[in-house]
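Report on the structure
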Amino acid sequence: MAKHGRLNLSNAGYSMPADAAAFQRPPFYYRNTRSIVVAFETDLEAALEALPAPLALSEPATAILSFYEYTWTTFGPYNEAILSLLVEHKGRPMNYVMHIAVTTEPPMLAGREIYGFPKKLAQIEFKNDRDMIYGTLERPAGIRLASAIVRPERPADNGHSAAPPPVSMRLIPSPEENGRPLCAEIIETNIETRVIEAWTGVGSIAFAESSRLDPWNRLPVKRVIGASYMLSDMTLGFGKVIDRLE
């Protein structure tokens with residue numbers, strides 16, 4: 001006689017696999033994070049093509065390429081690269097995460113499943129060379145999709161901690177052949193940042209190679225607007241659904 005299993009929502013883990021969760025519940029903690037950020041003006045039409053309909057593009061169309069070196073986190077150490085757009089949702093400034101890559105599996109799984117961050121695994125370097133701090137993104141290894149260089153020159157105020165909150169689109173397809181997506185949500189993520197030190201300076205970015213699989217170069221660089229380096233601690237909390245795609 002067949003017997004029913006005993007695993008249910010009351011005794012299952014927080015994430016899949018239900019009996020051996022791949023990641024824990026938020027919040028997630030980050031200490032001594034190093035990051036470089038380069039903001040640039042881009043093409044309005046190219047940005048609108050990549051932006052979910054519930055979000056509005058701020059003008060001039062501004063994109064941000066950033067690299068992170070997470071030396072200690074509750075996911076373990078890893079590096080990250082993000083391409084984002086400055087947007088608004090019902091008049092609120094936000095930072096739409098368009099492309100994002102990481103070097104290890106736990107933050108990739110949690111980022112995709114909880115917040116809808118479109119994370120992929122890639123090779124990402126974050127290094128110093130003389131007076132420059134730089135980041136590179138390759139996917140696959142040897143194919144340089146993006147790079148950024150910042151030369152810190154002057155101390156900045158700690159207003160970086162008041163940056164617009166990240167927003168993303170969590171898209172989960174239907175398992176049925178002609179089914180609508182099970183989930184098409186716009187999610188705002190709560191991140192608390194404590195700035196240890198911040199610097200502004202000269203920045204440069206490049207999208208060296210084109211890839212139809214990872215089109216990081218779809219936003220052309222018209223001009224660099226600003227560049228910064230920061231050392232910080234962060235706490236990544238829960239997110240909330242603020243809209244849905246129809």
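Preceding block: the structure.
As the structure is a prediction and not an experimental result, all values here were calculated from the model.

Things to note about the overall build of the protein
- Counting secondary structure elements, the protein contains two helices and 13 strands.
- In terms of C-alpha radius of gyration, the protein reaches 19 Å, essentially the compact-globule figure of 18 Å for 246 residues.
- Taken over the C-alpha atoms alone, the protein extends approximately 75 × 40 × 40 Å along its principal axes.
- Within the protein, the proportion of its 246 residues that are buried is 46%.
- Here the analysis covers contacts within the protein between residues at least 6 apart in sequence; of these, 67% occur between residues at least 24 apart.
- A total accessible area of about 13300 Å² is found for the protein, and carbon and sulfur atoms account for 52% of it.
- Positive and negative side-chain charges in the protein, numbering 25 and 28 respectively, have mean positions lying 4 Å apart.

Remarks on the pattern of salt bridges
- One pass over the structure, following the stated rule, counts 14 salt bridges.
- Its salt-bridge partner being E185, residue R170 comes within 2.6 Å of it at the nearest N-O pair. Placement of the pair is R170 in strand β11 (residues 166–172) and E185 in strand β12 (residues 183–206), with a sequence separation of 15 residues.
- Exposure remark for R170: the relative accessible area of 18% places this residue in the buried category.
- The class for E185 is buried, based on a relative accessible area of 11%.
- Salt bridges here are not isolated pairs; linked through shared partners, they connect K120, R139 and D214.

Rules behind the numbers
Residues numbered from 1 in each chain as written. Predicted model: local features only at pLDDT ≥ 70, side-chain atom pairs only at ≥ 80, totals over all residues. Heavy atoms only, no water. Helix = DSSP H or I, 4+ residues; strand = E, 2+ residues; numbered from the N terminus. Rg over C-alpha atoms; globule rule 2.2 N^0.38 Å. Buried < 20%, exposed > 50% of the residue type's maximum accessible area, 1.4 Å probe, protein only. Contact = heavy atoms within 4.5 Å. Areas by Shrake-Rupley, 256 points an atom, 1.4 Å probe, with all protein chains shown as cover. Lys, Arg positive; Asp, Glu negative; His and termini not counted. Charge placed at Lys NZ, Arg CZ, Asp CG, Glu CD. Salt bridge = Lys/Arg side-chain N within 4 Å of Asp/Glu carboxyl O.

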